[in-house]
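Chains, contacts and geometry: an overview
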Amino acid sequence: MPANDPFARLPQAASFTVTSTTVTEGAEWPPEQHSSGLPGGKDASPQLSWSGAPDGTKSYAVTVYDPDAPTGSGFWHWAVADIPVTVTELPEGAGDDTGSQLPEGAYQLPNDARVARYIGAAPPAGHGPHRYFIVVHALDIPSTGVPADATPAVLGFTMAGHTLGRAVLIATAETPA
């Protein structure tokens, strides 16, 4: 797998803990978290729980990013902004078309498929293993102010100067040739 780290050139941030009943650190995504275009895929966002965010945290954002996609810029699978500081868990499937399981005030931005929802893993056949960085970002602002139709890259740019901590869980996926 490529060694590129999507956070290597960003400001340092404290680490805290994210866990999931859906996926384990370093393990392959279960079929439900794959794209609905693949056998068994359901485009179901993972369950996430987090704890230990740095003092001063006022909100969270969650992103799922594949830096190994053959695009030159990776692929954003999910981005959720303005999660209230009182929330420390998202249920599996919260990233569906409705976003109805997201906490009040939180919203999904369009991913790289241009849909405001979670889209599952679907690495090109024979391209090798891909990593999926599942990240909870602890922010020092209650709202990012990013428009709901903005890209995840705009969210990332906006968060860069406001990130107090990152909780990272990495899943993998590979589609055989």
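Below is a short write-up of the structure. (Residues numbered from 1 in each chain as written. Predicted model: local features only at pLDDT ≥ 70, side-chain atom pairs only at ≥ 80, totals over all residues. Heavy atoms only, no water.)

So, about the overall build of the protein chain. On a plain count of helices and strands, the protein chain comes out with one helix and nine strands. Going from N to C terminus, the protein chain has its helices and strands arranged as β-β-β-β-β-β-β-β-α-β. Taking 16 Å as the expected radius of gyration for a compact globule of 177 residues, we find that the protein chain reaches 15 Å, a close match to that expectation. C-alpha extents for the protein chain along the principal axes are approximately 45 × 35 × 30 Å. (Helix = DSSP H or I, 4+ residues; strand = E, 2+ residues; numbered from the N terminus. Rg over C-alpha atoms; globule rule 2.2 N^0.38 Å.)

Here the focus is the environment of Leu 155. By secondary structure assignment, the location of Leu 155 is in helix H1 (residues 152–160). In this structure the C-alpha to C-alpha distance between Leu 155 and Val 168, which are 13 residues apart in sequence, comes to 17 Å. Setting aside its immediate chain neighbours within four residues, Leu 155 contacts Thr 63, Ala 79, Ala 81, Leu 109, Thr 144 and Val 146. (Contact = heavy atoms within 4.5 Å.)

Right, let's get into the sheet that holds strand E7 (residues 107–108). Taken together, six strands build an open sheet; the order of strands is E1-E9-E8-E4-E5-E7 and the sheet is mixed. Two strands close off the open sheet at either side, each with one partner strand: strand E1 (14–15) and E7. Bridge count between strand E4 (residues 59–66) and strand E8 (residues 130–139): seven bridges; the pairing is antiparallel. Residue pairing for E8: Ala 61 is matched across the bridge by His 137. With respect to the sheet, H1 is in contact with E4, strand E5 (75–84), E8 and strand E9 (163–173), its orientation differing from that of E5 by roughly 50 degrees. (Pairing = 2+ DSSP bridges. Axes fitted to C-alpha atoms, helices over the stretch in contact; angles between N-to-C directions.)

Let us now look at the packing of aromatic side chains. Aromatic ring pairs are defined here through the distance separating the ring centres and the angle between the ring planes. Enumeration according to the criterion identifies seven aromatic pairs in this entry. Look at Phe 16 and Tyr 60: their rings are 6.4 Å apart centre to centre, the planes differ by 45 degrees, and that puts the pair in the tilted class. With Phe 16 in the loop between E1 and strand E2 (17–19) and Tyr 60 in strand E4, the pair connects residues that are 44 residues apart, well separated along the chain. Its relative accessible area of 9% is what places Phe 16 among the buried residues. Geometrically, the ring pair formed by Trp 50 and Tyr 60 is edge-to-face, given 5.4 Å between the ring centres and 65 degrees between the ring planes. With a gap of ten residues between them, Trp 50 in strand E3 (residues 48–51) and Tyr 60 in strand E4 connect regions that are remote in the sequence. Tyr 60 carries the same exposure label as Trp 50, and that label is buried. (Phe/Tyr/Trp six-rings, centres within 6.5 Å; stacked < 30°, edge-to-face > 60°. Buried < 20%, exposed > 50% of the residue type's maximum accessible area, 1.4 Å probe, protein only.)

What follows covers the layout of surface pockets. Of the voids in this model, the largest pocket is the one considered here, and its volume is about 290 Å³. Taken together, 15 residues form the lining of the largest pocket, with Pro 6, Phe 7, Leu 10, Trp 76 and Gly 156 sitting closest to its centre. Among the secondary structure elements, those contributing two or more residues to the lining of the largest pocket are E4, E8, H1 and E9. A total of four residues in the lining of the largest pocket trace back to one element, the largest contributor, which is H1. In the lining of the largest pocket, the residues fall into nine nonpolar, five polar and one charged. Forming the walls of the second largest pocket are Asp 5, Phe 7, Leu 10, Pro 11, Gln 12, Ala 13, Ala 14, Ser 15, Phe 133, Arg 166 and Val 168. (1 Å grid on protein atoms, 1.4 Å probe; cavity = no way out; pocket = protein on both sides within 12 Å on 5 of 7 lines; lining within 4 Å. Points joined across faces, edges and corners; volume = space filled by probe spheres on them. Nonpolar A, V, L, I, M, F, W, Y, C, P; charged D, E, K, R; others polar.)

A separate point is the pattern of salt bridges. According to the stated counting rule, one finds two salt bridges in the structure shown. Here Arg 117 and Asp 97 are joined by a salt bridge, their closest N and O atoms 2.8 Å apart. Of the two residues, Arg 117 sits in the loop between E7 and E8 while Asp 97 sits in the loop between strand E6 (89–90) and E7, which places them 20 residues apart along the sequence. (Salt bridge = Lys/Arg side-chain N within 4 Å of Asp/Glu carboxyl O.)

Looking now at the sheet that holds E2. A sheet is described by the order of its strands in space; here three strands give the open sequence E2-E3-E6, paired in antiparallel fashion. Only two strands of the sheet have a single neighbouring strand rather than two, namely E2 and E6. Inspection of the sheet shows E2 paired to E3 by three bridges, in the antiparallel sense. From the neighbouring strand, Thr 17 faces E3, where its bridge partner is Ser 51.

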